[in-house]
Structures are given as C-alpha cells and as structure tokens.
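Next come the chains, spelled out residue by residue.
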Amino acid sequence: MNTPTPAHCAVIGHPIAHSLSPQIHHAFAHSLGLNVHYERILSEIPDFERTVQDFFARGGHGLNVTVPFKERAFALAAHSSPRARLAGAVNTLWMAEGQLHGCNTDGEGLVYDLKRLHADPKGQRILIIGAGGATRGVLIPLLEAGAQTLKIINRTPARATQIAEELSTQQPQFAPRLAVGSLQDTQGQWDIVINATSASLGTAGLQHGAIDYAPNALAYDMVYGAQPTPFMQHAQAQGAQRVADGLGMLVEQAASSFAIWFGQRPGTTTVRQQLRAQL
Ligand code: ATR
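Residues numbered from 1 in each chain as written. Predicted model: local features only at pLDDT ≥ 70, side-chain atom pairs only at ≥ 80, totals over all residues. Heavy atoms only, no water.

Engineer: Report on the side chain of serine 43, specifying residues and quantitative values.
Structural biologist: Note on placement: serine 43 falls in the loop between strand S2 (36–42) and helix H2 (48–57). With relative accessibility at 2%, the residue serine 43 sits in the buried group. Residues in contact with serine 43, not counting those within four places in the same chain, are Ile12, Gly13, His14, Phe48, Thr51 and Phe69. (Helix = DSSP H or I, 4+ residues; strand = E, 2+ residues; numbered from the N terminus. Buried < 20%, exposed > 50% of the residue type's maximum accessible area, 1.4 Å probe, protein only. Contact = heavy atoms within 4.5 Å.)

Shown next, in the form of structure tokens:
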C-alpha cells in the first residue's frame, strides 16, 4: 500500500489534544513501510455521527473512537463484533462493502500485553476489579484466550452480576468460568489480578479485600503512569511478584486496530519503549 496518496486515519474524541494515537499509528506505519496519515479530530458533542459519516464519505480509511463517543460509535456501526456488543462500546471503525463496521480492540490489546508479560491467560485464575466499561471491554477476549476462572468483583456487586448475566446469555459456554462478588470477595488464590476501576487506591478510593497472589502472579493496572501506580505498589506489598501498568495495553489495542485496517499487525516494542521514555 505504499501509494503516493496516504491512507487517511484518525482518532475522534472530546477532548482529543493529548491523544497518543497519532504517534503510535505513525510509528506502526513507518515500521511497515505504509503511507498513513493519522490525525486527531475534535468533535463537538452533538456532531459525532455527522463527523464520522463525513470522514468516511471523504474516503477515510479507519477511525479510532475515544471518550465520550465509544457508546455512540457502537450505536452507529451497522455491524459490530460480539466483544463490542458486550461492551456496548466501539473504539475502531472502518467501512466494508459500503457499511460501517465496529470493533472494540481493548480486550485483544490486554491479552496481547499479558502474553508479552509471560502471563498468558490460558488456564489462569483471573480476578478483575471493577464492573464498568473497562471490564466489559476485556471479558470476552480473556475468556476466549482460555482463562480458567474469571471473577469480577465490584463496589456495586449488582453491576458485576449484570455483566456476568449478559455475557452468559450472549455466550453460554463462558458461564461456568465466570464468578462475581463484592470488593471483599477475594477468596482463593489468583494468578492474574487486573485493576479495571477508575478509582485510585487509598482511603478515599478503592478498598478491596486481601488478595492471595499465587507464586509468580501478575498484578496489572489498566491505568499507566510515569511511576508504578498505587494499585501496583499495594499489590507488591501484598505479595504480587510481578506488576505492570496499562501502557502496553494502550499500544497493543492500537496495534489491533491497525491490523483490522491494514491486515498486518505491527511490532510494538519500539513504540512502547518510546512512550515509556516520554512519560
Ligand atoms: P470505566 O468506563 O472507566 O470502566 P465506569 O463505567 O464509570 O468507568 O466504571 C468505573 C469503575 O470503577 C466501576 O467499577 C466503579 O465501581 P461502581 O460500579 O461501584 O461505581 C469503580 N470505582 C470508581 N470509584 C471507585 C471507588 N472509589 N472504589 C471502588 N470502585 C470504584
């Protein structure tokens, strides 16, 4: 696809100025020798649908969607994947045969990052904290990757129950591996513990029950930062041998979007190292 006319991609959101997506996707394109122009689109709140339609009408190739439009992107897509349906949210849009398609690549991005960290979900006991959009986006890929048990605990347990019921209705084969509970329901030993809440840890924030980390367990925070997050620090103090933040997931979900649009999954090591150095 090394044509003189670049493939036009973008990320749309509000706000959007700080999105790292252009840097990530330009690095991917460069590494594969593809001619891609990737920009940020700031959409006014009421204009989202029209802006998306205009983008593709002008020949746009692929669109990432971020806050606060992921749910509206899901509603707008004529076709969406089961994982996007459970999430009720889409972060990747493209046109195929004249119709708008949507996918949510967050979960695939998480699974790729876990594998990179030598924490392949296959056969693992996974505890996920939180029952909001972040959790919804990753459940199906974690189960498809072979998680042995996946327990969702949440401050409002009813939200965890709701997600498990929806998923069990959509994909009954996953029901036997799902469990739910309150933030105190941490009984058992865990191989992978994922923080998918928007709360930072502390007296005013997230307070979960004591966690028994299996030998070599990984505590993973979907949030990332220049320093280990409070969740990571707490996990280490509780005995987690390995901790990671969500920077890798950010890069991997972008790689999954890129693969949908261009049919090739780029390598992620260089760009992840660049972003880490910039934090
Ligand atoms: P997102 O789309 O980022 O997941 P969300 O749907 O608002 O955002 O979900 C935020 C998650 O963080 C929820 O699981 C929320 O718990 P509730 O469902 O009980 O609201 C969790 N969360 C936010 N603040 C929290 C806090 N102080 N302690 C524990 N959990 C918290």
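The rest of the description comes next.
Engineer: Could you give an account of the packing of helix H10 (residues 247–262) against helix H11 (residues 269–278), with specific residues and numbers?
Structural biologist: Contact geometry of H10 with H11 gives a least axis separation of 10 Å together with a crossing angle of 140 degrees. Classified by the angle between their axes, H10 and H11 sit oblique to one another. When you trace H10 past H11, the crossing you get is right-handed. Along the contact surface, H10 presents Leu247, Gly248, Leu250, Val251 and Glu252, while H11 presents Val271, Arg272, Leu275 and Arg276. (Axes fitted to C-alpha atoms, helices over the stretch in contact; angles between N-to-C directions. Parallel < 35°, antiparallel > 145°, perpendicular 65-115°, else oblique. Left-handed = near helix turned anticlockwise from the far one by under 90°.)

Engineer: Could you give me a rundown of the site of the ligand, with the residues and numbers involved?
Structural biologist: Contacts to the ligand come from 16 residues, most closely from Ala131, Asn154, Arg155, Thr156 and Arg159. Within the backbone of alanine 131, a nitrogen or oxygen atom sits 2.9 Å from an oxygen atom of the ligand. Measuring from an oxygen atom of the ligand, one finds a backbone N or O atom of glycine 133 at 3.0 Å. Protein coverage of the free-state accessible area of the ligand, which is 640 Å², stands at 72%. Split into classes, the residues belonging to the shell around the ligand amount to 6 nonpolar, 8 polar and 2 charged. (Near = heavy atom within 4 Å. Polar contact = N/O pair within 3.5 Å; in protein donor to acceptor, adjacent residues only side chain to side chain. Areas by Shrake-Rupley, 256 points an atom, 1.4 Å probe, with all protein chains shown as cover. Nonpolar A, V, L, I, M, F, W, Y, C, P; charged D, E, K, R; others polar.)

Engineer: Before we move on, can you summarise the packing of aromatic side chains with the specific residues and values?
Structural biologist: Here the structure, examined in full by the defined rule, presents 5 aromatic pairs. Ring centres of phenylalanine 48 and phenylalanine 69 lie 4.6 Å apart, and the angle between their planes is 15 degrees; on these two criteria the pair is classed as stacked. With phenylalanine 48 in helix H2 and phenylalanine 69 in the loop between strand S3 (62–65) and helix H3 (70–76), this pair connects stretches of sequence that are 21 residues apart. By the ring-pair criterion, three or more aromatic residues cluster together here, those being Phe28, Phe258 and Phe262. (Phe/Tyr/Trp six-rings, centres within 6.5 Å; stacked < 30°, edge-to-face > 60°.)

Engineer: Just give me the short version of the nonpolar core, but keep the residues and values in it.
Structural biologist: Residues Leu110, Leu142, Leu150, Ile152, Ile194 and Tyr220 are the most contacted members of the largest nonpolar core, which totals 32 residues. Every element with two or more residues in this core is listed here: helix H5 (106–116), strand S7 (125–129), helix H7 (139–144), strand S8 (149–154), helix H8 (157–170), strand S10 (189–195) and strand S11 (212–221). In terms of nonpolar packing, the next biggest core, distinct from the first, is built from 22 residues, Ala255, Phe258, Val271 and Leu275 among them. (Core = buried A, V, L, I, M, F, W, Y, C linked by side-chain atoms within 4.5 Å.)

Engineer: Requested: an account of the domain arrangement of the protein, with residues and values cited.
Structural biologist: Per the domain assignment, the segments of the protein are domain 1 (7–104 + 250–278) and domain 2 (107–245). Distance between the C-alpha centres of domain 1 and domain 2: 25 Å. Opposite the 14 residues of domain 1 that make contact, domain 2 presents 20 residues. Of the roughly 1400 Å² buried between domain 1 and domain 2, counting both surfaces, carbon and sulfur atoms make up 51%. Taken as a group, Arg83, Leu86 and Glu252 account for 46% of the area that domain 1 buries against domain 2, more than any other trio of residues on that side. On the surface where domain 1 and domain 2 come into contact, there are 4 salt bridges. Notably, a salt bridge pairs glutamate 108 with arginine 83, separated by 3.5 Å at the nearest N-O pair. The tally of links from domain 1 across to domain 2 stands at 4 residue pairs in polar contact (both at pLDDT 80 or more). Within the residue set of the side of domain 1 that touches domain 2, elements represented by two or more residues are helix H4 (82–87), H10 and H11. The dominant element in the side of domain 1 that touches domain 2, judged by the number of residues it contributes, is H4, at 5 residues. When the residues that make up the side of domain 1 that touches domain 2 are grouped by side-chain class, the tally is 5 nonpolar, 3 polar and 6 charged. (Domains from an automatic or database assignment. Buried area = accessible area lost by both parts, 1.4 Å probe. Salt bridge = Lys/Arg side-chain N within 4 Å of Asp/Glu carboxyl O.)

Engineer: How would you summarise the pairing of S3 if you had to cite specific residues and measurements?
Structural biologist: Side chains Gly62 and Asn64 of S3 all project onto a buried face; the interleaved residues Leu63 and Val65 project onto the opposite face, where all are buried too. Sheet topology places S3 next to strand S5 (residues 92–96); 3 bridges connect them, and they run antiparallel. Paired with asparagine 64 across the bridge in S5 is threonine 92. (Pairing = 2+ DSSP bridges.)

Engineer: A description of the environment of arginine 72 should follow, citing residues and the corresponding values.
Structural biologist: By the secondary structure assignment, arginine 72 is in helix H3. Among the residues examined, arginine 72 registers a relative accessible area of 26% and is labelled partly exposed. Between the alpha carbons of arginine 72 and valine 90 there is a distance of 8.2 Å; along the sequence they are 18 residues apart. Not counting chain neighbours up to four residues away, the residues in contact with arginine 72 comprise Ile45, Pro46, Phe48 and Glu49.

Engineer: Summarise the sheet that holds S3; cite the residues concerned and give the values.
Structural biologist: Taken together, the 6 strands give an open sheet; going across it, the order is S2-S1-S3-S5-S6-S4, and neighbouring strands pair in mixed fashion. The sheet terminates laterally at S2 and strand S4 (79–80), the two strands that pair on one side only. Relative to strand S6 (residues 99–103), S4 runs parallel, the two being bridged by 2 bridges. Following the sheet pairing, histidine 79 is matched in S6 by histidine 101. Of the strands in this sheet, strand S1 (7–13), S2 and S3 touch helix H1 (residues 21–32), which is tilted by about 170 degrees from S2.

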